[in-house]
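# Descriptive analysis of the structure
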Amino acid sequence: MTIQQLKYVIAITEAGSYNKAADMLYLSQPTLTNSVRELEKELGITIFNRGGRGVSLTNDGVEFVHYAKQVALQYERLLEKYGKDGKLKKKFGISSQHYSFAVKSFVEMVKEYDTEEYEFAIRETKTGEVIDNVASGRSEIGILYLSDFNRKAIGKILRANSLEFHHLIDCSAYVYLWKGHPLAGRKSIRFEDLADYPCLSFEQGTNGSFYYAEEILSTNEYPRTIKANDRATMLNLMVGLNGYTLCSGIICEELNGSDHIAIPFEAGGDPAGSKMEIGYIVKENMIQSRMGKLYIDKLRSYLEQRTVFE
């Protein structure tokens, strides 16, 4: 079994057919087919179901590709650290819950690299996809938060996927709303003050775990709720409907604009429940890329500045 064969299998999986994968790899289809058959013979498994409409993974194939992606990614990390510079673009991606500071730090990291040499990706997405993307190697780093409510459940999911959580910052809950909102002049806001306004939250999908909510205190009974899929829509709903969301209070005005404000939330009888621990997740024992290290440095620097200015 060779790294090249692993890359062939991954390419076929992503392309959905031998023909398309062969074109992507600049190989003849017989060469690609023979290489995969030799690999299947060596391993004693069938990786692909072959049909007239393309290929699909067998049960063994699904498991094999999961590990193949991890090995291929580690190999790329080793080449980056010890190998000679190649002609192929190096890839780096992160996945994050909807945090403007994660995007800002990504922007600052990318500025230090030549985008003609590197292929970058940032994915603001659902909590489950953040975990899946890092587990599969699609993203090197994931950004999410833990709380007293979700810590045990999320921790179990991370361990099952061989992922590690690393602390970045602790913060209390804030109410995030439009500066023209009737409550915008308050020094702090209590839960009962929000009864007349819709609570906005990010949709986690039909299969989303109860613990995947991005908003703190998600178990509270909110009389009015509206789901959104992206930050831009949520900001528009704040203006159009006087909606609000509960967040970390770490807001990047450069990206979100200055039309929205974060006001401290009074937790009342359960102050511990309104605490957030924001951190990043990576694969266990994964060799971190130079870009990954720089991105974490940018994150820490931005969050440290934020605590200084509060």
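Residues numbered from 1 in each chain as written. Predicted model: local features only at pLDDT ≥ 70, side-chain atom pairs only at ≥ 80, totals over all residues. Heavy atoms only, no water.

## A look at unusual backbone geometry
Residues other than glycine seldom take positive phi values, yet serine 162 does so here, at roughly 55°. Among the secondary structure elements, serine 162 is positioned in the loop between helix 7 (151-160) and strand 6 (163-172). The phi torsion at asparagine 285 lies on the positive side, around 60°, for a residue other than glycine. Here asparagine 285 lies in the loop between strand 13 (275-283) and helix 10 (290-309). (Helix = DSSP H or I, 4+ residues; strand = E, 2+ residues; numbered from the N terminus.)

## Concerning a nonpolar patch on the surface
A cluster of nonpolar side chains, Phe149, Phe210 and Tyr211, forms an exposed patch at the surface whose accessible area comes to about 300 Å². By secondary structure assignment, the location of phenylalanine 149 is in the loop between strand 5 (141-146) and helix 7. Given a relative accessible area of 33%, phenylalanine 149 falls into the partly exposed group. (Patch = residues over 30% accessible without salt bridge, like charges linked within 9 Å, V, L, I, M, F, W, Y side chains within 5 Å. Areas by Shrake-Rupley, 256 points an atom, 1.4 Å probe, with all protein chains shown as cover. Salt bridge = Lys/Arg side-chain N within 4 Å of Asp/Glu carboxyl O. Buried < 20%, exposed > 50% of the residue type's maximum accessible area, 1.4 Å probe, protein only.)

## Observations concerning the environment of alanine 102
If you trace the backbone, alanine 102 turns up in helix 5 (residues 100-110). Separated by 191 residues in the primary sequence, alanine 102 and lysine 293 have C-alpha atoms spaced 14 Å apart. In this structure alanine 102 touches Ile94, Ser96, Ile122, Ile143, Tyr295 and Leu299, once residues within four positions along its chain are discounted. (Contact = heavy atoms within 4.5 Å.)

## A look at the side chain of serine 17
Of note, serine 17 is situated in the loop between helix 1 (3-15) and helix 2 (18-25). A distance of 3.1 Å separates a polar side-chain atom of serine 17 from the backbone nitrogen of lysine 20. (Polar contact = N/O pair within 3.5 Å; in protein donor to acceptor, adjacent residues only side chain to side chain.)

## As for the nonpolar core
Core analysis: the largest hydrophobic core is formed by 46 residues, its most contacted members being Phe92, Phe101, Met109, Phe120, Ile141, Ile143 and Tyr295. Counting residues per element, this core draws most heavily on helix 10, at seven residues. Every residue in contact with methionine 109, bar those within four places of it in the chain, is listed here: Phe92, Phe120, Met291, Leu294, Tyr295 and Lys298. Ile12, Ala21, Val55 and Phe64 belong to the second largest nonpolar core, which has 20 residues in total. (Core = buried A, V, L, I, M, F, W, Y, C linked by side-chain atoms within 4.5 Å.)

## As for the sheet that holds strand 5
Read across the sheet, five strands follow the order 4-3-5-13-6 without closing on themselves; strand pairing throughout is mixed. With partners counted over all chains shown, the strands left at the sheet margins are strand 4 (118-124) and strand 6, one partner each. Each strand of the sheet is rotated relative to its neighbour by a mean of 20°, with strand direction disregarded. Its contacts with the sheet place helix 7 against strand 5, strand 6 and strand 13, and it is angled at close to 155° to strand 6. (Pairing = 2+ DSSP bridges. Axes fitted to C-alpha atoms, helices over the stretch in contact; angles between N-to-C directions.)

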